[in-house]
Amino acid sequence: MEYRSKFLNPKWRDAMLEQGSGGAYEVSQRMTAMVGWAATAEVDNFVFDQAAERYALDEEVAKRLQKNNPEAFKNVVRRLYLKLMDEGCGPQTTRQLRSYVSSTVTRMI
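Report on the accompanying structure. Computed from a prediction, not measured in an experiment: that's the story for all the values here.

**Here we look at the nonpolar core**
Then, number 1: Grouped together as the largest cluster of nonpolar side chains are 25 residues, with contacts concentrated most on Phe7, Val27, Tyr55, Leu65 and Leu80.
Then, number 2: Elements that contribute at least two residues to this core include exactly helix H2 (10-18), helix H3 (21-40), helix H4 (45-56), helix H5 (59-68) and helix H6 (70-86).
Then, number 3: Sort the elements by how many residues they give to this core and H4 lands first, with 6 residues.

Take a look at the structure:
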């Protein structure tokens, strides 16, 4: 429930982006927690699909996260990439993430 009301909520995301480096760090921490939660409980792929759409595949948001805190942004993308490689996401998100990762991750590592 917390992930729907906060992490996946565009208003919360925008508030975190306004907070600069600390907000980007908080986004990164929530992504890490979500991956941990998914490792111990069943989490629907839509949660990861929406996280990908809101944080990595939204070009404006991705640029702001990267500008605010490059390491936090790398963490978000890496976590999504690990989820993709481990279990996959929904078909459309999987295609988009693979394309995004192939063009972005190698520059970030």
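**Digging into the pattern of salt bridges**
In a structure, side chains of opposite charge can pair up when their charged atoms sit close to one another.
Then, number 1: Under the defined criterion, the tally for this structure stands at 5 salt bridges.
Then, number 2: Note that Asp14 is salt-bridged to Arg13, the shortest N-O span being 3.0 Å.
Then, number 3: The partly exposed category is assigned to Asp14, whose relative accessible area is 33%.
Then, number 4: Exposure remark for Arg13: the relative accessible area of 10% places this residue in the buried category.

**Side note on the packing of aromatic side chains**
Two descriptors summarise a pair of aromatic rings, namely the distance from one centre to the other and the angle between the planes of the rings.
Then, number 1: The tally for this structure, following the rule as stated, stands at 2 aromatic pairs.
Then, number 2: Between Phe7 and Tyr55 the ring centres are 4.7 Å apart and the planes differ by 20°, which places this aromatic pair in the stacked class. Taken together, the residues span a long stretch of sequence, with Phe7 in helix H1 (residues 2-7) and Tyr55 in helix H4 at a distance of 48 residues.
Then, number 3: Take Phe7: its relative accessible area is 0%, and that puts it in the buried class.
Then, number 4: Taken together, Phe7, Trp12 and Tyr55 form an aromatic cluster joined through their ring pairs.

Thresholds applied
- Residues numbered from 1 in each chain as written.
- Predicted model: local features only at pLDDT ≥ 70, side-chain atom pairs only at ≥ 80, totals over all residues.
- Heavy atoms only, no water.
- Core = buried A, V, L, I, M, F, W, Y, C linked by side-chain atoms within 4.5 Å.
- Buried < 20%, exposed > 50% of the residue type's maximum accessible area, 1.4 Å probe, protein only.
- Helix = DSSP H or I, 4+ residues; strand = E, 2+ residues; numbered from the N terminus.
- Salt bridge = Lys/Arg side-chain N within 4 Å of Asp/Glu carboxyl O.
- Phe/Tyr/Trp six-rings, centres within 6.5 Å; stacked < 30°, edge-to-face > 60°.

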